[in-house]
Amino acid sequence: MVTATRKRGRPRAVREEPQPHFDEQLIANRELEAALETYVEHVEAAALANAAKRNIKAKLSANRRRSMIERGVVGTHTEKQWLQLKERHGYKCAKCGTPETSLDVRLDELHFAKLTKDHVLPISRGGGDNIENIQPLCRSCNSRKHAKFDEPIVCVSGGMDCLHVGHLDLFDSAARYGRLVVILNSDEFLIRKKGYRFMPWQDRARVILALNIVTAVTPVDDADGTVSEALRRVRPDYFCNGGDRTEPNEAEDAICRELDIHQLFNVGGGKTRSSSEIIGRLR
Ligand SMILES: [Zn+2]
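The rules behind each value
- Residues numbered from 1 in each chain as written.
- Predicted model: local features only at pLDDT ≥ 70, side-chain atom pairs only at ≥ 80, totals over all residues.
- Helix = DSSP H or I, 4+ residues; strand = E, 2+ residues; numbered from the N terminus.
- Buried ≥ 20, exposed ≤ 12 C-beta atoms within 10 Å, placed from the backbone.
- Contact = placed C-beta atoms within 7 Å.
- Core = buried A, V, L, I, M, F, W, Y, C linked by C-beta atoms within 7 Å.
- Pairing = 2+ DSSP bridges.
- Axes fitted to C-alpha atoms, helices over the stretch in contact; angles between N-to-C directions.
- pLDDT = per-residue confidence, 0-100.

Draft legend 1. How the structure looks around the overall build of the protein. Broken down by element type, the protein carries 10 helices and 9 strands. When the 283 residues of the protein are sorted by exposure, 27% land in the buried category. Once local pairs closer than 6 in sequence are excluded, the contacts in the protein between residues at least 24 apart make up 72%.

Have a look at this one:
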C-alpha cells in the first residue's frame, strides 16, 4: 500500500509541476520548427532566384556567342574570363573608375551588375570577341566612346603561315606602341604568293589570338595584294612593317598618308626566321 500511495502521489507531483515547462518546450519547439520552415523557404527561394539568374545569364551568354559567330567575329571568351577581367580591374569601369556595385540594376528580383563588355577594337573595325579585346566599361563610358581610343591601335600584317619567333619579335616590338591588331592575309593571298598554304586562315587566326599580347586578329580583302582594305577599316594609329620590309607598299603608303597612320619600319629587328624557310626544311 505504501508503495502504491507513493507511486500514485509521486507522478501527480511530477505531472503538475513540470507541465508548464513541457508546454514551453513544445512552444519553443514549434517556434523553432516554424523558424526552420521559414528559413528553408528562404533558402529555397534564394536557390530558385539564383538558378533563374544563372539560366538567364547562361542564355544571354549563349545568344551573344551565337550572334558573334553568325557575324563572323574571330575569337570568343567564357563568362569565367570576363569575371577574371573584372576582378583584375577591381570591379571598376576601366575608364572612369566607377565601381560596379553602384551600377546594379534590379529586374524582377534579379540583379545584374552593369559593367558592360566594351570591344577595344570595335567589331565593325574587325575586332574579335576574345577577352584581350574586351574591357569593362560603365554604360555611359561605353556609349561615349569616341573613334579614337585612349591607347593607340597598332597594326601588323602578314600571312603568319606558320607562326615563328620572328613574328613574336615583331609583335613584341609593335605592342610597345599600343594595342596590337594583326591583319591576317587570306589563304588565296598565300597560294598566289608562295604557291601553297600550310594552315587555313581560321587556324592561323586562332593560334595568333591565343597570344596574350594580341588584342585582335582581323581578316582582309587582299585581292589587290595589299592590306589597304583592312587599314581603311581599322584606321590604326601605327602600321608596323616587319624587319624584311624597308620599302613601303605604294597603295598602303597612300592610305597611311590619307588616314594619318604612322608607318614604322624595321620593327622587331631583322627577319630572324621565315615561314617559307621552315616549311622548306620540311619538304
Ligand atoms: Zn565609366
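So that's the structure; there's more coming.
Draft legend 2. Looking closely at the nonpolar core. Grouped together as the largest cluster of nonpolar side chains are 36 residues, with contacts concentrated most on Cys-155 and Val-181. Elements supplying a minimum of two residues to this core: β5 (153-158), α5 (165-175), β6 (179-184), α7 (201-209), β7 (214-219), α8 (228-234) and β8 (238-240). Per element, the largest residue contribution to this core is 5 residues, and it comes from β6. Beyond its immediate chain neighbours, meaning those up to four positions away, Cys-155 contacts Val-181, Ile-183, Leu-231, Val-234, Pro-236, Tyr-238, Phe-239 and Cys-240. Counting residues in hydrophobic clusters, the runner-up holds 5 residues, among them Cys-93, Ala-94, Leu-115 and Cys-138.

Draft legend 3. Fine view of the sheet that holds β7. Strand order in the open sheet made by the 5 strands is β7-β6-β5-β8-β9, with parallel pairing throughout. Where the open sheet ends on each side, the last strands, each with one partner, are β7 and β9 (262-264). Averaged over all neighbouring strand pairs, the angle between strand axes comes to 25°, with direction disregarded. Bridge count between β5 and β8: 3 bridges; the pairing is parallel. From the neighbouring strand, Cys-155 faces β8, where its bridge partner is Phe-239. Set on the sheet, α7 makes contact with β6 and β7; between it and β7 the angle comes to about 165°.

Draft legend 4. Fine view of the pairing of β7. With respect to burial, β7 is a largely interior element, 5 of its 6 residues being buried. Pairing geometry for β6 and β7, over 5 bridges, is parallel. The partner of Leu-180 across the bridge, within β7, is Val-214.

Draft legend 5. The environment of Lys-86, seen in detail. Within the fold, Lys-86 resides in helix α3 (residues 79-88). Look at Lys-86 and you get partly exposed, because 18 C-beta atoms sit within 10 Å. Sequence spacing of Lys-86 and Leu-137 is 51 residues, and the spatial spacing of their C-alpha atoms is 9.7 Å. Setting aside anything within four residues of it in sequence, one finds Lys-86 in contact with Tyr-91, Glu-100, Leu-115 and Pro-136.

Draft legend 6. Summary view of the environment of Arg-64. Within the secondary structure layout, Arg-64 lies in helix α2 (residues 18-70). Using a count of 13 C-beta atoms within 10 Å as the deciding quantity, one classes Arg-64 as partly exposed. Measuring from C-alpha to C-alpha, the distance between Arg-64 and Asp-129 comes to 10.0 Å, with 65 residues separating the pair along the chain.

Draft legend 7. Geometry of the confidence of the model for the protein. Averaged over all residues, the pLDDT of the protein equals 81, while 81% of them reach at least 70. Contacts from residues 1-5, a stretch scored under 50 in pLDDT, to residues over four places away or in other chains number 0 contacts.

Draft legend 8. Region of the structure containing unusual backbone geometry. Each neighbour pair has its own omega, and for Asp-161 with Cys-162 the value is 5°, a cis peptide bond. One non-glycine residue, Tyr-91, lies in the positive phi region at around 55°. Looking at the secondary structure, you find Tyr-91 in the loop between α3 and β1 (105-107). A residue is classified by how many C-beta atoms lie within 10 Å of it, and Tyr-91, with 15 of them, is partly exposed.

Draft legend 9. Here's a closer look at the environment of Lys-114. The topology assignment puts Lys-114 in the loop between β2 (110-112) and β3 (116-119). Measuring from C-alpha to C-alpha, the distance between Lys-114 and Pro-99 comes to 9.7 Å, with 15 residues separating the pair along the chain.

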